[in-house]
Amino acid sequence: MAGLPGTVRPRSGSPGASAALPAPRLAALDGAFVCSPLGGLMGAQAVLGLLVWALIADTTYHLHAAYGWVMFVSIFFWVATVLLFVTYLLQLPLKFYVIPWPLVLMIFNATATVLYITAFITCSAAVQPTSWRQWDYNRRAAASFFACLVMLAYGVSTFLSFRAWKGLGSNAATSQVTNHA
């Protein structure tokens, strides 16, 4: 019975027996992703999005209903972008290959672009230069500027994600051509 496959052999209590067990493998970090255009844009989106919601949160935004929308959009997409960044950094799309990651990323970036357009317009329209608190005006104006930058970064990411989803400009006719010469 000891030689049958699937049977468990008892191990002795010697100190060297535990060294034979393999160490658990940690997820490898993808340094090339951080240097890629998509990784750089995701990092910029996270930093600029953090600036948007931090600047708005440091004002009396609860007195103006428009800033609630800006806070929702900026915090939601900041958290989602950080989670996607960590997902790609840990190379998890290779483990979850069933999910169409280029399509998911394109839909995410397109949605973020559209909602950040509305947040930028809302934030810019709600800035009042005659505010009774001058520092609120400065922070809200800066938040509008950074919301514009985040909106542009998501727009560029949408374009790059669309190209990645479509296969970087190749089509079915050119990818099936073979040389028979």
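Up top is the structure.
Residues numbered from 1 in each chain as written. Predicted model: local features only at pLDDT ≥ 70, side-chain atom pairs only at ≥ 80, totals over all residues. Heavy atoms only, no water.

S.K.: Report on a nonpolar patch on the surface, specifying residues and quantitative values.
M.R.: On the surface, W69, F72 and F76 cluster together to form a nonpolar patch covering roughly 310 Å² of accessible area. Within the fold, W69 resides in helix 3 (residues 66-89). By relative accessible area, which is 33% here, W69 ends up partly exposed. (Patch = residues over 30% accessible without salt bridge, like charges linked within 9 Å, V, L, I, M, F, W, Y side chains within 5 Å. Areas by Shrake-Rupley, 256 points an atom, 1.4 Å probe, with all protein chains shown as cover. Salt bridge = Lys/Arg side-chain N within 4 Å of Asp/Glu carboxyl O. Helix = DSSP H or I, 4+ residues; strand = E, 2+ residues; numbered from the N terminus. Buried < 20%, exposed > 50% of the residue type's maximum accessible area, 1.4 Å probe, protein only.)

S.K.: Account for the nonpolar core, naming residues and giving values.
M.R.: Grouped together as the largest cluster of nonpolar side chains are 30 residues, with contacts concentrated most on I56, F77, L84, Y116 and Y154. Looking at this core, the elements that each hand over two or more residues are helix 2 (37-57), helix 3, helix 5 (101-126) and helix 6 (134-166). Ignoring anything within four residues of it in the chain, the contact list for Y154 reads Q45, F77, T81, F108, N109, A112, T113 and Y116. (Core = buried A, V, L, I, M, F, W, Y, C linked by side-chain atoms within 4.5 Å. Contact = heavy atoms within 4.5 Å.)

S.K.: So what's going on with helix 5? Residues and values would help.
M.R.: Helix length check: helix 5 (26 residues) gives 36 Å between terminal C-alpha atoms against 38 Å at 1.5 Å per residue, within 8%. All of the buried residues along helix 5 are W101, L105, M106, F108, N109, A112, T113, Y116, A119, C123 and A126. (Expected span 1.5 Å × (residues − 1).)

S.K.: Now, about the packing of aromatic side chains: what can you tell me, with residues and values included?
M.R.: Aromatic ring pairs are reported here in terms of the distance separating the ring centres and the angle at which the planes meet. Under the definition given, this model contains 14 aromatic pairs. Aromatic side chains W69 and F72 sit 5.7 Å apart centroid to centroid with 35° between the ring planes, which places their arrangement in the tilted category. With W69 and F72 both in helix 3, this residue pair falls three residues apart, about one helical turn. A centroid spacing of 6.0 Å and a plane angle of 55° characterise the contact between F162 and W165, whose relative ring orientation is tilted. In this pair, F162 and W165 both sit in helix 6, three residues apart, roughly one turn of the helix. Classification of F162 by relative accessible area gives partly exposed; the value is 39%. (Phe/Tyr/Trp six-rings, centres within 6.5 Å; stacked < 30°, edge-to-face > 60°.)

S.K.: Any chance you could break down the packing of helix 3 against helix 5 for me, citing the residues and the numbers?
M.R.: Running from N to C, helix 3 and helix 5 cross one another at 155°; their axes reach a closest spacing of 9 Å. Compared by their axis directions, helix 3 and helix 5 come out roughly antiparallel. The interaxial crossing formed by helix 3 with helix 5 has left-handed handedness. Contacts between helix 3 and helix 5 pair A66, Y67, W69, V70, V73, S74, F77, A80, T81, L84, T87 and Y88 from the former with W101, L105, F108, T111, A112, L115, Y116, T118, A119, T122, C123 and A126 from the latter. By residue class, the composition of the contact of helix 3 with helix 5 is 18 nonpolar, six polar and no charged. (Axes fitted to C-alpha atoms, helices over the stretch in contact; angles between N-to-C directions. Parallel < 35°, antiparallel > 145°, perpendicular 65-115°, else oblique. Left-handed = near helix turned anticlockwise from the far one by under 90°. Nonpolar A, V, L, I, M, F, W, Y, C, P; charged D, E, K, R; others polar.)

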